[in-house]
Amino acid sequence: MATADRDRWDPKHAARGAAEPAPPAALHGREALLPVGGRALDVACGLGGVAVWLALRGFDVDAVDVSPVALAAVADLAAAHGVGDRVRGLGHDLDDGLPPGLSGHAVIVCQRFRDPRLYPQLRAALAPGGLLVVTVLSRVGSASTGPYRAEPGELLDAFGTLRVLSHHEGGGEATVVAMAG
């Protein structure tokens, strides 16, 4: 599947142009929830806006994506903002799970990538006291269906064992912000 995913995403990322460092939407106005430094994981990082934003806040970031075009853009963005040494791009097909060896992350962000098989791995990769931010497409408030849209309550079911700080479903999107105990 990796080749098909790369073939699908490389042209999309190439057409988008450069990203700017920005927090995940679920953290707008909630930046105080971030722990102070440590390792961060940006799952399906795309062009790297969140990864570089985290690096600018002192995190050492593992940025995972299947697309070499995206990872090159992440490296360029990180270098342009003086944090190239803090962002490590990892080319990996998430259909195979998370890359081996990822654990102890103070922050994990996953935006717009949904694979319920990853949910236990995301929980396991989170350090005690770590912050998890997940946003996926949802069937709640959307006429669209399909494998990329979460079922109602899916994120709470998956991450409810963490301390849920915020949860929202509606408008075709579901978000959870949670902290490990």
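As the structure is a prediction and not an experimental result, all values here were calculated from the model. (Residues numbered from 1 in each chain as written. Predicted model: local features only at pLDDT ≥ 70, side-chain atom pairs only at ≥ 80, totals over all residues. Heavy atoms only, no water.)

**Q** Honestly, the environment of Gly84 in this entry has me stumped. Any pointers?
**A** Summarising the element assignment, Gly84 is placed in the loop between α3 (68-80) and β3 (87-91). Put simply, Gly84 and Ala55 are 29 residues apart on the chain and 8.7 Å apart in space, counted from C-alpha to C-alpha. Not counting chain neighbours up to four residues away, the residues in contact with Gly84 comprise Ala78 and Ala79. (Helix = DSSP H or I, 4+ residues; strand = E, 2+ residues; numbered from the N terminus. Contact = heavy atoms within 4.5 Å.)

**Q** When you look at the environment of Leu90 in this model, what are you seeing that I'm missing?
**A** Within the secondary structure layout, Leu90 lies in strand β3. Taking the relative accessible area as the measure of exposure, Leu90 reaches 17% and is therefore buried. For the pair Leu90 and His167, spaced 77 residues apart in sequence, the C-alpha to C-alpha distance is 29 Å. Apart from the residues within four sequence positions on either side, Leu90 is in contact with Asp62, Ala63, Val64, Asp65, Leu71, Pro99 and Leu102. (Buried < 20%, exposed > 50% of the residue type's maximum accessible area, 1.4 Å probe, protein only.)

**Q** Would you explain the nonpolar core in this entry?
**A** Generally speaking, soluble globular proteins have nonpolar side chains that are buried together. Counting residues in each nonpolar core, the largest one holds 29 residues, and the members touching the most others are Leu34, Leu54, Phe59, Val61 and Val87. When residues of this core are traced back to their parent elements, those giving at least two are α2 (49-56), β2 (59-65), α3, β4 (105-111), β5 (126-138) and β8 (173-179). With residues near it in sequence (within four places) discarded, Leu34 still touches Leu27, Trp53, Leu54, Arg57, Phe59, Val107 and Leu131. Core analysis: the next-biggest nonpolar cluster, separate from the first, contains 26 residues, Ile108, Ala125, Leu155 and Ala180 among them. (Core = buried A, V, L, I, M, F, W, Y, C linked by side-chain atoms within 4.5 Å.)

**Q** I tried to follow the pattern of salt bridges on my own but got confused; where do I start?
**A** Oppositely charged side chains can pair when the atoms bearing their charge come close. Under the definition given, this model contains 7 salt bridges. Between Glu173 and Arg112 there is a salt bridge, and its shortest N-O distance comes to 2.7 Å. With Glu173 in strand β8 and Arg112 in the loop between β4 and α4 (119-125), this pair connects stretches of sequence that are 61 residues apart. Among the residues examined, Arg112 registers a relative accessible area of 52% and is labelled exposed. Here Glu154 ties to Arg114 by a salt bridge, and the two come within 2.7 Å at their closest N and O atoms. Taken as a pair, Glu154 in helix α5 (residues 154-159) and Arg114 in the loop between β4 and α4 lie far apart in primary sequence, 40 residues in all. Residue Glu154 is classed as buried on the basis of its relative accessible area, which comes to 12%. With relative accessibility at 17%, the residue Arg114 sits in the buried group. What you see here is one network of salt bridges that share partners, running through Arg39, Asp62 and Arg88. (Salt bridge = Lys/Arg side-chain N within 4 Å of Asp/Glu carboxyl O.)

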